[in-house]
Amino acid sequence: MELTGKRIALGITGGIAAYKSPELVRLLIKEGATVQVVMTEAATRFIAPVTFQALSGKPVFSDQWDSRVANNMAHIDLSRDADVILVAPASADFLAKLAHGLADDLLSTLALARDCPLLVAPAMNRQMWENVATQRNVATLDGDGIAILGPACGDQACGEIGLGRMIEPEALVAALIAFFQPKRLSGKKVLLTAGPTFEAIDPVRGITNLSSGKMGFAVARAAQEAGAEVILISGPANQPTPLGVTRIDVVSGLEMHSAVMKHAARQDVFIGIAAVADYRPKTVAEHKIKKDGQGAPAIELVQNPDILADVAALPVPPLCVGFAAESTNLAEYAERKRKAKKVPLIVGNLIQDGFGGDNNTLTLFDDGGATPLPAGSKIELARALVAHIATLLVKVR
Ligand code: PMT
């Protein structure tokens, strides 16, 4: 329930993507939000208001002259009652109206009369999106401080493929949750590693570590929610990329090392959450190694570079944060890693708590001692970690 108590005015304009808006309302309500739906006349041609009334538990507004509103100022009342206005889908026509301050129906009047932030999720045919007029309007809206969510690329209702799809309801909910998070890392650049690495032995075999990537992706999301510009370098992990995060996929420890070193010097914070394989085979066989009856082959291993230690050793390093997954003696081993890698903060977790699942238990080890965080979901812990990193940044900078 990450939107408990939040009041959302959801504007729906005329576009086929309106068929996704009932699901959006359902998800917002599930997160604890109060949703007031406002539709344009064109939107009511695509989907009946009663659907939204049933899902939101509130009558839908679409008429500027609605006789239910005694003072005939629905646009003012709706604006005062909202913490945020989200328009999803937002048609090309609606973006044009917004850009020019037109107010000829209830939703556009509400947008003009708002005293709360406005987010829009464009949805239209790719040529309409690419049209110079739409792009000019989008640039105006961006300059006016209106958040543009999407659009996404993919199959379109018109049969074309391209940029113009409304981003999915789950991603819109995540964007709203992010919107309400404190912007503790505003203007900061954060680089992270997540997931395992895979060290090839031959074309079909390799050495890897256990890591789903969930913890690292949660920290990337929390940093982005906190207003940072985030680059996530991930080993093979089947996780969706958090909205607004730049993701770079790598496979091996060497690839992860070179991707990190390419970006590290320009960052404010580096967080190593990846379970990097400490060793890799010295050589990778070109062809699949065959069972030749001579017994098991010997595989010579060499050590992978220590990415975290190398970032910490840069002439002007970012604030470096490491993770330590241990099965016993968490405090002792985490402190040992902190000293060995010369980093100000190590985040300790027990292997039995941290790997694979949605929840974790973290303890932060820094110059201030050990700070255990309350056990929780990985995203809750990630947000608490980001808050701690923000306080460290203030101290060191
Ligand atoms: O992905 P999940 O399933 O959600 O699981 C999350 C996790 C348990 C993998 C994560 O929370 C975690 O603890 N990651 C670090 C795992 C670990 O113990 O790493 P390590 O002890 O090998 O390394 C310590 C630190 O040095 C880590 O920050 C690691 O990223 C970094 N390191 C290690 C080796 C290496 N060659 N380069 C590195 O940068």
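Everything that follows concerns the structure shown earlier in this document.
Quick caveat, the model's predicted, so the values are computed rather than measured.

Chemist: Explain the overall build of the protein to me, please; I cannot follow it from the model alone.
Modeler: When helices and strands are counted, the protein shows 15 helices and 21 strands. Projected onto its principal axes, the C-alpha positions of the protein cover 85 × 50 × 40 Å. Buried residues in the protein amount to 48% of all 397 residues. Accessible surface computed for the protein: about 18900 Å², of which carbon and sulfur atoms make up 54%. With 39 positive and 41 negative side-chain charges, the protein shows a separation of 4 Å between the mean positions of the two kinds.

Chemist: What exactly am I supposed to notice about the side chain of Gln-267 here?
Modeler: Residue placement: Gln-267 occurs in the loop between α11 (253-264) and β13 (269-272). The exposure class of Gln-267 is buried, given its relative accessible area of 9%. Here the side chain of Gln-267 touches Val-190 through a polar contact of 3.4 Å, landing on its backbone nitrogen. If near-sequence neighbours (up to four positions away) are discounted, Gln-267 is found in contact with Lys-189, Val-190, Leu-191, Ile-231 and Pro-318.

Chemist: Can you walk me through the packing of helix α10 (residues 214-225) against helix α15 (residues 378-396) in this structure?
Modeler: Helix-helix packing: each pair is described by the crossing angle between the helix axes and the interaxial distance. One way to put it is that α10 packs onto α15 with a least axis distance of 8 Å and a crossing angle of 50°. As judged from the angle between their axes, α10 and α15 are oblique. As α10 runs across α15, the sense of the crossing is right-handed. Residues Lys-214, Met-215, Ala-218, Val-219, Arg-221, Ala-222, Ala-223 and Glu-225 of α10 pack against Lys-378, Ile-379, Leu-381, Ala-382, Arg-383, Leu-385 and Val-386 of α15. In terms of residue class, the contact of α10 with α15 is made up of 10 nonpolar, no polar and 5 charged.

Chemist: Which parts of the structure should I look at to understand the pattern of salt bridges?
Modeler: Think of it this way: side chains of opposite charge can pair up when their charged atoms draw near. Counted under the stated rule, the structure contains 22 salt bridges. Taking the shortest distance from any N to any O, the salt bridge between Glu-130 and Arg-126 comes out at 3.7 Å. Highlighted residues: Glu-130 and Arg-126, both in helix α7 (residues 126-130), separated by 4 residues, approximately one helical turn.

Chemist: What exactly am I supposed to notice about the sheet that holds strand β4 (residues 118-122) here?
Modeler: Sheets are built from strands paired through backbone hydrogen bonds, the pairs being either parallel or antiparallel. Ordered in space as β2-β1-β3-β4-β5, the 5 strands form an open sheet in which the pairing is parallel. One side of each edge strand has no neighbouring strand; the edge strands of this open sheet are β2 (34-39) and β5 (147-148). In this sheet, β2 lies alongside strand β1 (residues 7-12) in parallel orientation, the contact comprising 6 bridges. Pairing of Ile-8 across the sheet is with Val-35, part of β2. Against the sheet, helix α5 (residues 92-100) touches β3 (84-90) and β4, its axis set at about 145° to β4. The sheet strands contacting helix α9 (residues 169-179) are β1, β3 and β4, and the helix crosses β3 at an angle near 160°.

Chemist: Got a minute to help me understand the nonpolar core in this structure?
Modeler: Among soluble globular proteins, nonpolar side chains are generally buried collectively. Residues Leu-185, Val-190, Leu-192 and Ile-271 are the most contacted members of the largest nonpolar core, which totals 37 residues. Counting residues per element, the ones that place at least two in this core are β8 (189-194), α10, β11 (229-234), β13, β16 (319-326), β17 (345-350) and α15. Looking at this core element by element, the count peaks at 9 residues for α15. With sequence-adjacent residues up to four places away left out, Val-190 is seen in contact with Leu-185, Ala-223, Ala-228, Glu-229, Val-230, Ile-231, Gln-267, Val-269 and Ile-271. The next biggest cluster of nonpolar side chains, apart from the first, holds 32 residues, and it includes Phe-52, Ala-121, Ile-167 and Val-173.

Chemist: Even after reading the chapter, I still don't get the sheet that holds β8, so can you show me in this structure?
Modeler: In space, the 8 strands of this open sheet follow the order β12-β11-β8-β13-β16-β17-β19-β20, with mixed pairing throughout. Taken across any chain shown, the strands that pair with only one partner, and hence form the sheet edges, are β12 (246-249) and β20 (369-372). The average angle at which neighbouring strand axes cross in this sheet is 20°, direction not considered. Relative to β13, β8 is paired through 4 bridges, and the arrangement is parallel. Bridged to Leu-192 within β13 is Ile-271. Its contacts with the sheet place α11 against β8, β11, β12 and β13, and it is angled at close to 175° to β8. Packed on one face of the sheet, helix α13 (residues 330-341) meets β16, β17 and β19 (363-366) and runs near 45° to β19.

Chemist: Mind showing me how you'd approach the site of the ligand here?
Modeler: The immediate surroundings of the ligand are formed by 25 residues, with Ser-211, Ser-212, Gly-272, Lys-337 and Asn-349 found nearest. Here an oxygen atom of the ligand sits 2.6 Å away from a polar atom, N or O, in the side chain of Ser-211. The side chain of Ser-212 places a nitrogen or oxygen atom 2.6 Å from an oxygen atom of the ligand. Surface burial for the ligand is 95%, taken as the share of its 780 Å² of free accessible area covered by protein chains. Secondary-structure elements contributing two or more residues to the shell around the ligand are α10, α12 (307-312), β16 and α13. Considering every element that reaches the shell around the ligand, the biggest residue donor is β16, with 4 residues. In terms of residue class, the shell around the ligand is made up of 11 nonpolar, 8 polar and 6 charged.

Chemist: What is the right way to look at the packing of helix α1 (residues 21-30) against helix α3 (residues 49-56) in this model?
Modeler: Running from N to C, α1 and α3 cross one another at 10°; their axes reach a closest spacing of 9 Å. The orientation of α1 relative to α3 falls into the category roughly parallel. Once α1 is placed against α3, the crossing between them reads as right-handed. On α3, the residues that touch Ser-21, Pro-22, Val-25, Arg-26 and Ile-29 of α1 are Thr-51, Phe-52, Leu-55 and Ser-56. For the contact of α1 with α3, the class distribution of residues is 5 nonpolar, 3 polar and 1 charged.

Chemist: What is the right way to read α1 from this model?
Modeler: Given 3.6 residues to a turn, an α-helix orients residues that are three or four positions apart in the same direction. Of all the residues in α1, the buried ones are Ser-21, Pro-22, Leu-24, Val-25, Leu-27 and Leu-28. Packed against the buried residues of α1 are β1, β2, α3, β3 and α9. Looking one or two residues past α1, Gly-32 carries a phi angle of roughly 95°, positive in sign.

Reading the values: rules and limits
- Residues numbered from 1 in each chain as written.
- Predicted model: local features only at pLDDT ≥ 70, side-chain atom pairs only at ≥ 80, totals over all residues.
- Heavy atoms only, no water.
- Helix = DSSP H or I, 4+ residues; strand = E, 2+ residues; numbered from the N terminus.
- Buried < 20%, exposed > 50% of the residue type's maximum accessible area, 1.4 Å probe, protein only.
- Areas by Shrake-Rupley, 256 points an atom, 1.4 Å probe, with all protein chains shown as cover.
- Lys, Arg positive; Asp, Glu negative; His and termini not counted.
- Charge placed at Lys NZ, Arg CZ, Asp CG, Glu CD.
- Polar contact = N/O pair within 3.5 Å; in protein donor to acceptor, adjacent residues only side chain to side chain.
- Contact = heavy atoms within 4.5 Å.
- Axes fitted to C-alpha atoms, helices over the stretch in contact; angles between N-to-C directions.
- Parallel < 35°, antiparallel > 145°, perpendicular 65-115°, else oblique.
- Left-handed = near helix turned anticlockwise from the far one by under 90°.
- Nonpolar A, V, L, I, M, F, W, Y, C, P; charged D, E, K, R; others polar.
- Salt bridge = Lys/Arg side-chain N within 4 Å of Asp/Glu carboxyl O.
- Pairing = 2+ DSSP bridges.
- Core = buried A, V, L, I, M, F, W, Y, C linked by side-chain atoms within 4.5 Å.
- Near = heavy atom within 4 Å.

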